[in-house]
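As a plain string of letters, each chain reads:
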Amino acid sequence: MAINYRERIIALWTVFLLGTLFHTQLGLLPLFHGLSVIESQKATNINDISGIMWLMLGFFVLPMLAIILTIFTDSKRYRIIHFALTVFYSIMNLLHVVLDLFVQPVLWYQIALMVLLFFVGLLLNITAFKWMQMYNRSNKSQIELENSRL
């Protein structure tokens, strides 16, 4: 049975997005029990955090676009860009885990979830790399086949 890297990539991005949403929800859950949440910066209105809101939008939209493009695009250029995107997200996740270890109090359930998401990201890196390499191998095989006929 042939390995379908595109299906694996889509599944891994979906797991990553669901985990990221759950990470956000875990951070807000104390509010539903009358407790305060950890604040990264004080804000008096939505305009004070508009930059953060745009960054969060981008952080969620890029994986959604990656899922859509992975379904419809099979070009070498996209595979390279996609692999770079997965590496970027893994680096961002690792930084997020490390930085959250310095936030007091340390919320270990959040750290555990972020570590899980980091490993999902590593699986995504490996899968995206194999998908990128597969294209190169199949291209080389096709060129070798054409050259052998000459």
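Remember, predicted model here, so these are calculated numbers, not experimental data.

Caption draft 1: Quick peek at the packing of aromatic side chains. A complete count under the given rule lists 9 aromatic pairs for this structure. Taking the centre distance of 5.8 Å and the plane angle of 80° together, the rings of Trp13 and Phe16 count as edge-to-face. Placement of both Trp13 and Phe16 in helix α1 (residues 5-28) is noted, with a separation of 3 residues, approximately one turn of the helix. Across the pair, Phe16 and Trp13 agree in class, each one buried. Between Phe59 and Tyr89 the ring centres are 4.6 Å apart and the planes differ by 40°, which places this aromatic pair in the tilted class.

Caption draft 2: Geometry of the side chain of Asn93. Secondary-structure assignment places Asn93 in helix α3 (residues 76-100). The exposure class of Asn93 is buried, given its relative accessible area of 11%. Each residue touching Asn93, except ones within four places of it in the same chain, is listed here: Phe16, Phe59, Leu117 and Phe118.

Caption draft 3: The packing of α1 against helix α2 (residues 50-72), seen in detail. At a minimum axis separation of 9 Å, α1 and α2 run at an interaxial angle of 160°. On the basis of their axis angle, the class for α1 and α2 is roughly antiparallel. Pair α1 / α2 crosses with left-handed handedness. Here Arg6, Ile9, Ile10, Trp13, Thr14, Phe16, Leu17, Thr20, Leu21 and Thr24 of α1 come into contact with α2, specifically with Met56, Phe59, Phe60, Pro63, Met64, Ala66, Ile67, Thr70, Ile71 and Phe72.

Caption draft 4: Fine view of the nonpolar core. The biggest cluster of nonpolar side chains holds 20 residues, and the ones touching the most others in it are Ile9, Trp13, Phe16 and Tyr89. For this core, the secondary structure elements donating two or more residues are α1, α2, α3 and α4 (108-149). The biggest single contributor to this core is α1, with 7 residues. Other than its neighbours up to four places away in sequence, Ile9 contacts Thr70, His82, Leu124, Thr127, Ala128 and Trp131.

Caption draft 5: Highlighting a nonpolar patch on the surface. Together, Leu62, Leu65, Ile68, Leu69, Ile71 and Phe72 make up a nonpolar patch on the protein surface, roughly 580 Å² of accessible area in all. For Phe72, the position within the fold is in helix α2.

Caption draft 6: A look at α3. Compared with the 36 Å implied by 1.5 Å per residue over 25 residues, the 36 Å span of α3 between its first and last C-alpha is a close match. Here α3 has its buried residues at Tyr78, Arg79, His82, Leu85, Thr86, Tyr89, Ser90, Asn93 and Val97.

Caption draft 7: Quick peek at the side chain of Ser90. Secondary-structure assignment places Ser90 in helix α3. In this structure the side chain of Ser90 is engaged in a polar contact, spanning 2.7 Å, whose partner is the side chain of Asn125. Once residues lying within four places of it in the same chain are set aside, the contact partners of Ser90 are Phe118, Gly121, Leu122 and Asn125.

Cut-offs used in this document
- Residues numbered from 1 in each chain as written.
- Predicted model: local features only at pLDDT ≥ 70, side-chain atom pairs only at ≥ 80, totals over all residues.
- Heavy atoms only, no water.
- Phe/Tyr/Trp six-rings, centres within 6.5 Å; stacked < 30°, edge-to-face > 60°.
- Helix = DSSP H or I, 4+ residues; strand = E, 2+ residues; numbered from the N terminus.
- Buried < 20%, exposed > 50% of the residue type's maximum accessible area, 1.4 Å probe, protein only.
- Contact = heavy atoms within 4.5 Å.
- Axes fitted to C-alpha atoms, helices over the stretch in contact; angles between N-to-C directions.
- Parallel < 35°, antiparallel > 145°, perpendicular 65-115°, else oblique.
- Left-handed = near helix turned anticlockwise from the far one by under 90°.
- Core = buried A, V, L, I, M, F, W, Y, C linked by side-chain atoms within 4.5 Å.
- Patch = residues over 30% accessible without salt bridge, like charges linked within 9 Å, V, L, I, M, F, W, Y side chains within 5 Å.
- Areas by Shrake-Rupley, 256 points an atom, 1.4 Å probe, with all protein chains shown as cover.
- Salt bridge = Lys/Arg side-chain N within 4 Å of Asp/Glu carboxyl O.
- Expected span 1.5 Å × (residues − 1).
- Polar contact = N/O pair within 3.5 Å; in protein donor to acceptor, adjacent residues only side chain to side chain.

Function-wise, these values are silent; they only describe arrangement.
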